Every structure is written in C-alpha cells, then in structure tokens.
Amino acid sequence: MIKGLRTVKYPVADLGQAKAWFGEVFGSAPYFDQPFYVGFAIGGFELGLVPDGTPGTAGSVVYWGVDDIEAEFARIVGLGATAHEAIQDVGEGIRVAELKDPFGNVLGLIENPLFDVAAVR
C-alpha cells in the first residue's frame with residue numbers, strides 16, 4: 001500500500017554547497033549528515049542530497065507545500081535559484097511554480113488551499 005511521499009532525493013555535484021543552500025531554503029539543519037547522504041526532515045517528509053550525482057530537469061518534479069507562493073518564490077530566487085516555470089494558477093485556488101536550484105535540479109512549489117495536511121497524518 002502506498003502511504004504517500006516520504007523522501008525526495010536530489011543529486012548534487014558539491015554536497016557541502018548544496019547542504020548549505022538547502023539548509024537556507026528550508027530554514028533547517030540536516031538531521032542526517034554523512035559524506036554519502038545528507039537528509040533534512042521537512043514538514044514530516046525527507047529531502048535527501050546525494051553527492052556526485054548529475055542534477056537535471058528531465059525527471060520527476062516534487063512540489064513542496066507553501067502558504068504564500070509569491071513570497072517563497074521570491075525568497076528562493078534571492079537565495080540563488082532561477083525561475084524554471086512561473087507561478088501558475090491551475091484552478092480552484094491552487095498555484096504552482098518551478099525553480100531551478102543552483103545545482104540544476106527542479107524545485108517545485110505548490111500553494112494548495114484544498115489540501116488538508118491533517119488528513120495525511
């Protein structure tokens with residue numbers, strides 16, 4: 001039985017630089033920090049960084065929930081990301097956007113007033 005999103009892994013070429021950048025983006029220090037993997041606990045899910053990988057935008061896109069997509073989009077661009085897909089209204093008050101992190105991966109954001117996080121737990 002699929003229980004929902006648990007871990008998202010991003011490949012990075014420079015683990016130290018990526019650890020610092022993602023720590024700043026999510027306002028969190030890693031809970032697991034080894035040379036082969038760095039894991040952050042983010043809102044009940046895990047963001048994992050894998051060294052010596054090949055970042056890219058061709059794979060799956062993971063969307064991280066936010067309350068104010070415009071503010072988060074601007075904040076993350078200010079931290080060094082670039083717009084990959086602008087903020088879009090996809091209906092019923094749901095808005096999505098995609099940024100490219102400094103390492104070449106896509107970082108998705110979603111503002112979804114219909115999604116009840118309490119129901120997921």
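Before any of the text, the structure's been laid out above.
Residues numbered from 1 in each chain as written. Predicted model: local features only at pLDDT ≥ 70, side-chain atom pairs only at ≥ 80, totals over all residues. Heavy atoms only, no water.

1. Focus on the pattern of salt bridges
Argument step 1. Scanning the model with the defined rule gives four salt bridges in all.
Argument step 2. Taking the shortest distance from any N to any O, the salt bridge between E70 and R95 comes out at 3.0 Å. Of this pair, E70 sits in helix α2 (residues 69-78) while R95 sits in strand β7 (residues 94-100), placing them 25 residues apart in sequence.
Argument step 3. Note on E70: relative accessible area 46%, which makes it partly exposed.
Argument step 4. The salt bridge partner of R75 is E72, with a shortest N-O separation of 3.0 Å. With R75 and E72 both in helix α2 and three residues apart, the pair spans about one turn of that helix. (Salt bridge = Lys/Arg side-chain N within 4 Å of Asp/Glu carboxyl O. Helix = DSSP H or I, 4+ residues; strand = E, 2+ residues; numbered from the N terminus. Buried < 20%, exposed > 50% of the residue type's maximum accessible area, 1.4 Å probe, protein only.)

2. Here we look at the sheet that holds strand β2 (residues 32-34)
Argument step 1. Ordered by their spatial adjacency, four strands build an open sheet running β1-β4-β3-β2, and the pairing between neighbours is mixed. Each having just a single partner strand, β1 (7-12) and β2 make up the two edges of the open sheet. Strand-to-strand, the axes of this sheet are offset by a mean angle of 20 degrees, without reference to chain direction.
Argument step 2. Bridge count between β2 and strand β3 (residues 37-42): three bridges; the pairing is antiparallel. (Pairing = 2+ DSSP bridges. Axes fitted to C-alpha atoms, helices over the stretch in contact; angles between N-to-C directions.)

3. So, the layout of surface pockets
Where empty space is left can be seen by rolling a probe of water-molecule size over the atoms.
Argument step 1. Of the volumes computed, that of the second largest pocket is approximately 170 Å³.
Argument step 2. Lining the second largest pocket we find 15 residues, and of these K9, Y10, G59, S60 and N105 sit closest to its centre.
Argument step 3. Split by residue class, the lining of the second largest pocket holds eight nonpolar, six polar and one charged. (1 Å grid on protein atoms, 1.4 Å probe; cavity = no way out; pocket = protein on both sides within 12 Å on 5 of 7 lines; lining within 4 Å. Points joined across faces, edges and corners; volume = space filled by probe spheres on them. Nonpolar A, V, L, I, M, F, W, Y, C, P; charged D, E, K, R; others polar.)

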